[in-house]
Amino acid sequence: MRVYNFSAGPAQLPLPVLERAASELTDWGGSGMSVLEVSHREKDFVACAVDAETTLRRLLAVPESYRVLFLQGGATAQFAAVPMNLTTAGDTVAYLNTGQWSTKAIKQARAYDLDVVVSADESASSYTTTPDPGSYEVPATARYLHYTPNETIGGVEFPNVPDAGDVPLVGDLSSTILSRPLDVGRFGLIYAGAQKNMGPSGLTVVIVREDLLGRARTITPGVLDYTKMAAANSMLNTPPTFSVYLLGLVAHWIEDTGGLTAMGERNQAKAAALYAAIDSSGFYSNPVEERSRSWTNVPFTLADPALDAEFLAGALAAGLTNLKGHRSVGGMRASIYNAMPMEGVTALIDYMAEFERTHG
Ligand code: PMP
């Protein structure tokens with residue numbers, strides 16, 4: 001039996017993708033080998049990687065002037081790769097701080113001898129808000145403005161893409177990429193770990209505007225140097241082959257189910273249903289200001305935290321897993337990425353109502 005898995009990542013994957021991968025696991029494309037066993041230099045695997053990139057580009061309508069890179073080290077490595085690739089010592093960079101992931105990115109940037117300007121900091125609201133457009137300033141000299149469109153732990157999401165003017169906008173889209181249509185042209189650079197909406201962990205996708213290449217510091221390791229990786233078609237070293245293959249399958253699954261517009265509509269409906277259930281109960285609550293509520297990560301608390309363990313045990317018995325909130329905030333968190341069907345959200349809502357009826 002498949003459960004509804006509400007994990008923040010690695011997250012539930014689409015069943016048709018898993019079934020396809022399972023069906024060809026021991027004999028991939030008539031090769032007599034698993035895709036796990038094929039050399040990354042072999043022409044069939046190169047074609048598989050090209051197809052994954054092409055499909056991703058088509059889905060996101062990535063303009064020609066951008067390179068798509070398949071890297072490793074997670075989004076965490078990008079916290080360092082971004083300053084290493086886009087700055088020299090003494091430069092100014094700007095960040096918007098909306099929670100734990102942006103805080104980590106800022107902390108990492110401080111290691112690179114930069115003037116790190118935090119243009120907006122939402123700590124005063126305990127990170128339950130996003131800054132109003134126009135309420136903060138980005139120094140014109142900044143090499144980039146970095147922000148986290150969706151804070152996976154806090155469940156806080158920007159309702160709009162910030163306007164950085166001529167300053168290149170850098171986004172950590174780990175928990176929002178492919179959840180809806182995106183105007184890639186607004187960004188200088190996008191990065192995202194694959195393990196939420198794109199496939200398994202081990203792969204980090206970077207989409208970088210070509211004019212930002214060629215600026216890496218000499219200390220940048222080759223595998224994190226966008227220019228070197230672009231020149232090597234992301235195969236300067238052995239790529240995470242299975243993750244790249246699965247990304248391709250996931251991207252095709254999104255296309256086959258109506259593309260990003262349809263995906264966005266489904267995700268919005270899922271989130272709306274869950275927030276409505278939380279807001280209409282006197283027992284559950286979500287602290288995030290309404291306009292900044294995440295479509296994909298929905299934290300909520302019970303009126304009595306002493307009931308948390310019982311709530312989780314009952315959920316598990318009902319086939320609803322991984323609802324425990326992040327260890328730093330407690331409570332619950334339901335991550336409802338692309339592969340979570342509306343039926344899973346409805347099952348959670350029904351379980352929550354029944355738990356409230358018997359414990360509220
Ligand atoms: N940024 C965001 C928004 C995330 O959600 C995560 C992981 N949950 C990270 C960065 C860190 O990613 P990784 O573990 O792939 O390094």
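All figures in this text were calculated on a predicted structure; none of them were measured in a lab.

Conventions used here
- Residues numbered from 1 in each chain as written.
- Predicted model: local features only at pLDDT ≥ 70, side-chain atom pairs only at ≥ 80, totals over all residues.
- Heavy atoms only, no water.
- Helix = DSSP H or I, 4+ residues; strand = E, 2+ residues; numbered from the N terminus.
- Expected span 1.5 Å × (residues − 1).
- Contact = heavy atoms within 4.5 Å.
- Pairing = 2+ DSSP bridges.
- Near = heavy atom within 4 Å.
- Polar contact = N/O pair within 3.5 Å; in protein donor to acceptor, adjacent residues only side chain to side chain.
- Areas by Shrake-Rupley, 256 points an atom, 1.4 Å probe, with all protein chains shown as cover.
- 1 Å grid on protein atoms, 1.4 Å probe; cavity = no way out; pocket = protein on both sides within 12 Å on 5 of 7 lines; lining within 4 Å.
- Sits in = over half its atoms within 2 Å of the grid points.
- Nonpolar A, V, L, I, M, F, W, Y, C, P; charged D, E, K, R; others polar.
- Phe/Tyr/Trp six-rings, centres within 6.5 Å; stacked < 30°, edge-to-face > 60°.
- Buried < 20%, exposed > 50% of the residue type's maximum accessible area, 1.4 Å probe, protein only.
- Lys NZ or Arg CZ within 6 Å of the ring centre and 35° of its normal.
- Points joined across faces, edges and corners; volume = space filled by probe spheres on them.
- Domains from an automatic or database assignment.
- Buried area = accessible area lost by both parts, 1.4 Å probe.
- Salt bridge = Lys/Arg side-chain N within 4 Å of Asp/Glu carboxyl O.
- Axes fitted to C-alpha atoms, helices over the stretch in contact; angles between N-to-C directions.
- Parallel < 35°, antiparallel > 145°, perpendicular 65-115°, else oblique.
- Left-handed = near helix turned anticlockwise from the far one by under 90°.

1. Some thoughts on helix H2 (residues 43-60)
Logical step 1: Here H2 contains 18 residues, and its C-alpha end-to-end distance of 26 Å stays within 8% of the 26 Å for a straight helix at 1.5 Å per residue.
Logical step 2: In this fold, the buried residues of H2 make contact with strand E2 (66-71), strand E10 (204-209), helix H6 (241-256) and helix H7 (259-279).
Logical step 3: Just downstream of H2, Ala61 is the residue with a positive phi angle, here 45°.

2. Re the sheet that holds strand E14 (residues 332-335)
Logical step 1: The sheet built from three strands is open, its strands ordered E11-E12-E14 with antiparallel pairing. The open sheet terminates on both sides in strands that have one partner only, identified here as strand E11 (284-285) and E14.
Logical step 2: Note that strand E12 (residues 297-302) and E14 share four bridges and pair antiparallel. Bridge assignment links Pro299 to a residue of E14, and that residue is Arg333.

3. Overview of the site of the ligand
Logical step 1: In the vicinity of the ligand, the residues found are Gly74, Ala75, Thr76, Phe79, Trp101, Thr148, Asn150, Thr152, Asp172, Ser174, Gln195 and Lys196.
Logical step 2: Separating an oxygen atom of the ligand from a side-chain N or O atom of Thr76 is a distance of 2.5 Å.
Logical step 3: Considering the ligand on its own, with 400 Å² of exposed area, one finds that the protein chains cover 84% of that surface.
Logical step 4: Its atoms largely coinciding with the cavity grid, the ligand occupies the largest pocket.
Logical step 5: No other element matches the four residues that helix H3 (residues 74-86) contributes to the shell around the ligand.
Logical step 6: Grouping the amino acids of the shell around the ligand by side-chain chemistry returns three nonpolar, seven polar and two charged.

4. A short note on the packing of aromatic side chains
Logical step 1: Across all of its chains, the model carries 14 aromatic pairs by this definition.
Logical step 2: With centroids separated by 5.7 Å and ring planes inclined at 75°, the aromatic side chains of Tyr95 and Tyr144 adopt a geometry described as edge-to-face. You can see Tyr95 sitting in strand E3 (residues 92-97) and its partner Tyr144 sitting in the loop between strand E4 (115-121) and strand E5 (145-147), a full 49 residues away along the chain. Each member of the pair Tyr95 and Tyr144 is classed as buried.
Logical step 3: Through pairs of rings, three or more aromatic residues link up here, namely Phe283, Tyr284, Phe300, Phe311, Tyr351 and Phe355.
Logical step 4: Over the face of the ring belonging to Trp101 we find Lys104, whose NZ or CZ atom lies 5.2 Å from the ring centre.

5. Describing empty space enclosed by the protein
Logical step 1: Inspection of the entire model under this criterion finds two cavities of 30 Å³ or more.
Logical step 2: Around the largest cavity, the lining residues are Gln12, Leu13, Pro14, Lys196, Asn197, Met198, Gly199, Val250, Trp253, Asn338 and Ala339.
Logical step 3: For the lining of the largest cavity, the per-class residue count stands at six nonpolar, four polar and one charged.
Logical step 4: Contributing to the lining of the second largest cavity are Asn5, Ala11, Gln12, Ser335, Tyr337, Ala339 and Met340.
Logical step 5: Here the residues of the lining of the second largest cavity are counted per class, giving four nonpolar, three polar and no charged.

6. Here we look at the domain arrangement of the protein chain
Logical step 1: The assigned domain composition of the protein chain is domain 1 (17-256) and domain 2 (258-359).
Logical step 2: Centre-to-centre separation of domain 1 and domain 2, based on C-alpha positions: 27 Å.
Logical step 3: Contacts between domain 1 and domain 2 engage 27 residues on the former and 26 residues on the latter.
Logical step 4: Across the interface of domain 1 and domain 2, roughly 2,200 Å² is buried in total on both sides, 53% from carbon and sulfur atoms.
Logical step 5: A per-residue breakdown of the area domain 1 buries against domain 2 is headed by Thr128, Ile153 and Arg180, which together make up 22% of the total.
Logical step 6: As a salt-bridge pair, Arg291 and Asp132 come within 3.1 Å of each other at their nearest N and O atoms.
Logical step 7: Residues belonging to the side of domain 1 that touches domain 2 are distributed by class as follows: ten nonpolar, eleven polar and six charged.

7. A word on unusual backbone geometry
Peptide bonds are trans in most cases, and residues, glycine excluded, mostly fall at negative phi.
Logical step 1: The omega angle of the peptide bond from Gly9 to Pro10 is -5°, so this bond is cis rather than trans.
Logical step 2: On the secondary structure map, Pro10 appears in the loop between strand E1 (4-5) and helix H1 (15-23).
Logical step 3: With a phi close to 55°, Asp113 is a non-glycine residue in the positive phi region.
Logical step 4: A positive phi is found at Asn322, a non-glycine position, where the angle reads about 60°.
Logical step 5: Tracing the chain through its elements places Asn322 in the loop between strand E13 (320-321) and E14.

8. Things to note about the packing of H2 against H6
Logical step 1: H6 packs onto H2 with a crossing angle of 40° between their chain directions and a minimal axis gap of 8 Å. It follows from the interaxial angle that H2 and H6 lie oblique. The hand of the H2/H6 crossing is left-handed. Here Phe45, Cys48, Ala49, Asp51, Ala52, Thr55, Leu56, Arg58 and Leu59 of H2 lie close against H6, whose contacting residues are Thr241, Val244, Tyr245, Leu247, Gly248, Ala251, His252, Ile254 and Glu255.
Logical step 2: Of the residues in the contact of H2 with H6, the class split is eleven nonpolar, four polar and three charged.

9. A closer look at the packing of H6 against H7
Logical step 1: In contact at an axis separation of 7 Å, H6 and H7 are set at 80° when each is read in the N-to-C sense. Considering the angle they form, H6 stands roughly perpendicular to H7. For the pair H6 and H7, contact is made by Trp253, Ile254 and Glu255 and by Gly259, Leu260 and Met263, respectively.
Logical step 2: Taken together, the residues of the contact of H6 with H7 break down into four nonpolar, one polar and one charged.

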